[in-house]
Amino acid sequence: MKKIVLASLLVLLLPVISRAAHIDTIQVKSTSMNCFLDVIVIAPEEITEDSKYPVLYLLHGYGGNCYSWLGINPKLPTLADRDGIIIVCPNGENSWYWDSPQKENSKFETYISKELVSYIDKNYPTKADRCARAVTGFSMGGHGGLWLGIRHKDVFGAAGSMSGGVDIRPFPNNWEMKDLLGPLSENKTQWDAYTVINQLDKIKDGDLSLIIDCGTADFFLQVNNHLHEELLKRKIGHDYIIRPGAHTGEYWRNAVEYQWLFFKKFFDGYINR
């Protein structure tokens, strides 16, 4: 009986599986770090020779890897296939997506914004334009999404953060940051320079499409509120969403679908121009 039920389920699922996006696990070399790093690429199934697709870079949090996002939201391949968007999930280790001033072999800002983007554009049918690239992530990856987007607005036209550590300074002893920046007590200037909230002088309204969200029970809520207030003060347009939720996969599974709609609208605006 169990075999009959399983066979029936597989028959029902075949149409869904046959329309699934391609999921590639690749290794991309970082010349700046002299190593190869795993990357997950999710591409629409039906790619024609003349098709060019926008790309969403999804960054994982502390302790995660390139597989994290598929575990958090298994619907991502379906979204990629439905909307014609390539998803790239890099392995950022526990780097906070910086080029660390303390560790010479941790240059993830250079790797993602230059080396990985170049590789993806050369090996996948992408629209190689900032208006067809977005970057976002959760927690450490939320910091990374805004850090990379703001500092490389020539590469990314849109950026986001989900439950992001957008001001690192209230957390000087957490998540290996002092290994990358040195202790806060001895390196205050460095910590000030490497936090997202102090990067806003690099953009003005209209430079970057921004979306930020955070749960009401998240320990990063206060720093996200401060970032929102600073953006308002500077009259830099952005979407800011607060919803019930904590610093959890359940929250990010929901949040990425909200942000997906935001980025799809951004990409559609580029395509329809």
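No experiment lies behind these values; they were computed from the predicted model shown. (Residues numbered from 1 in each chain as written. Predicted model: local features only at pLDDT ≥ 70, side-chain atom pairs only at ≥ 80, totals over all residues. Heavy atoms only, no water.)

## Thoughts on the overall build of the protein chain
Right, on to step 1. Summing up its helical and strand segments, the protein chain has 9 helices and 8 strands in all.
Right, on to step 2. Computed over the C-alpha atoms, the radius of gyration of the protein chain is 19 Å, within 12% of the 19 Å expected from 2.2 N^0.38 for a compact globule of 273 residues.
Right, on to step 3. The principal-axis extents of the C-alpha atoms in the protein chain amount to approximately 65 × 45 × 40 Å.
Right, on to step 4. Counting the 273 residues in the protein chain, one finds 52% classified as buried.
Right, on to step 5. When contacts within the protein chain are restricted to residue pairs at least 6 apart in sequence, those whose partners lie at least 24 apart make up 74%.
Right, on to step 6. Within the structure as shown, the protein chain displays about 12800 Å² of accessible surface, and the carbon and sulfur contribution to it stands at 52%.
Right, on to step 7. Side chains of the protein chain carry 29 positive and 32 negative charges; the gap between the two charge centres is 2 Å. (Helix = DSSP H or I, 4+ residues; strand = E, 2+ residues; numbered from the N terminus. Rg over C-alpha atoms; globule rule 2.2 N^0.38 Å. Buried < 20%, exposed > 50% of the residue type's maximum accessible area, 1.4 Å probe, protein only. Contact = heavy atoms within 4.5 Å. Areas by Shrake-Rupley, 256 points an atom, 1.4 Å probe, with all protein chains shown as cover. Lys, Arg positive; Asp, Glu negative; His and termini not counted. Charge placed at Lys NZ, Arg CZ, Asp CG, Glu CD.)

## What about the nonpolar core?
Right, on to step 1. Counting residues in hydrophobic clusters, the biggest one holds 55 residues, and the most contacted among them are Tyr57, Trp98, Tyr111, Leu116 and Leu146.
Right, on to step 2. Looking at this core, the element that brings in the most residues is helix 4 (residues 108–123), giving 6 residues.
Right, on to step 3. With residues up to four places along the chain from it excluded, the contact list for Leu146 reads Arg151, Ala159, Gly160, Ser161, Val166, Val196, Leu210, Ile212 and Leu227.
Right, on to step 4. By size, the runner-up hydrophobic cluster in this structure holds 29 residues, among which are Ile40, Ala158, Trp252 and Val256. (Core = buried A, V, L, I, M, F, W, Y, C linked by side-chain atoms within 4.5 Å.)

## A few points about the packing of aromatic side chains
Right, on to step 1. Under the definition given, this model contains 15 aromatic pairs.
Right, on to step 2. Relative to Phe220, the ring of Phe171 has its centre 5.1 Å away and its plane inclined at 90°; by these criteria the two rings are edge-to-face. Linking Phe171 in the loop between strand 6 (158–162) and helix 6 (177–181) with Phe220 in the loop between strand 7 (209–215) and helix 8 (221–233), this pair joins segments that are 49 residues apart in sequence. Accessibility assignment for this pair places Phe171 and Phe220 in one class, buried.
Right, on to step 3. Ring centres 5.8 Å apart and planes at 55° place the aromatic pair Phe266 and Phe267 in the tilted group. The pair formed by Phe266 and Phe267 is uniform in burial state, with each residue classed as buried.
Right, on to step 4. Here the aromatic cluster, defined as three or more aromatic residues joined through ring pairs, consists of Trp96, Trp98, Trp147, Phe171, Trp175, Tyr194, Phe219 and Phe220. (Phe/Tyr/Trp six-rings, centres within 6.5 Å; stacked < 30°, edge-to-face > 60°.)

## Quick look at unusual backbone geometry
Right, on to step 1. Even without being glycine, Asn34 reaches a positive phi, approximately 55°.
Right, on to step 2. Turning to its location among the elements, Asn34 is positioned in the loop between strand 1 (22–30) and strand 2 (35–43).
Right, on to step 3. Residue Asn34 is classed as exposed on the basis of its relative accessible area, which comes to 62%.
Right, on to step 4. Its identity as a non-glycine residue notwithstanding, Tyr97 has a phi of 60°, on the positive side.
Right, on to step 5. The topology assignment puts Tyr97 in the loop between strand 4 (86–90) and helix 4.

## Section: the sheet that holds strand 8 (residues 239–243)
Right, on to step 1. Taken in spatial order, the 8 strands of this open sheet run 1-2-4-3-5-6-7-8, and their pairing is mixed. Two strands in the sheet have a free side with no partner beyond their single neighbour: strand 1 and strand 8. When strand polarity is set aside, the average angle formed by the axes of neighbouring strands in this sheet is 20°.
Right, on to step 2. As judged from the 5 bridges shared by strand 7 and strand 8, these two strands associate in the parallel manner. Of the residues in strand 8, the one forming a bridge with Asp213 is Ile241.
Right, on to step 3. In the packing of helix 5 (residues 140–151) onto the sheet, the strands contacted are strand 3 (55–59), strand 5 (133–137), strand 6 and strand 7, and the crossing angle to strand 6 comes to about 160°. (Pairing = 2+ DSSP bridges. Axes fitted to C-alpha atoms, helices over the stretch in contact; angles between N-to-C directions.)

## Describing helix 5
Right, on to step 1. With 12 residues, helix 5 extends 16 Å from end C-alpha to end C-alpha; this agrees with the ideal 16 Å at 1.5 Å per step.
Right, on to step 2. Along helix 5, 11 of the 12 residues are buried, which leaves the element largely enclosed by surrounding structure.
Right, on to step 3. Along helix 5, the residues classified as buried are Met140, Gly141, Gly142, His143, Gly144, Gly145, Leu146, Trp147, Leu148, Gly149 and Ile150. (Expected span 1.5 Å × (residues − 1).)

## Side note on the confidence of the model for the protein chain
Right, on to step 1. Confidence along the protein chain averages 91 in pLDDT terms, with 91% of residues attaining 70 or more.
Right, on to step 2. Overall, residues 1–18 carries pLDDT values under 50, and its contacts beyond four positions in sequence, including any with other chains, amount to 1 contact. (pLDDT = per-residue confidence, 0-100.)

## Looking at the pattern of salt bridges
Right, on to step 1. Evaluation of the coordinates by the stated rule reveals 11 salt bridges.
Right, on to step 2. Residues Asp167 and Arg169 are paired through a salt bridge, measuring 2.9 Å at the closest nitrogen-oxygen approach.
Right, on to step 3. Measuring nitrogen to oxygen at the nearest pair gives 3.3 Å for the salt bridge that ties Asp207 to Lys204.
Right, on to step 4. Since its relative accessible area comes to 16%, Asp207 is described here as buried.
Right, on to step 5. Ionic contacts of the salt-bridge type, sharing partners, join the residues Asp167, Arg169, Lys188 and Asp192 into one network. (Salt bridge = Lys/Arg side-chain N within 4 Å of Asp/Glu carboxyl O.)

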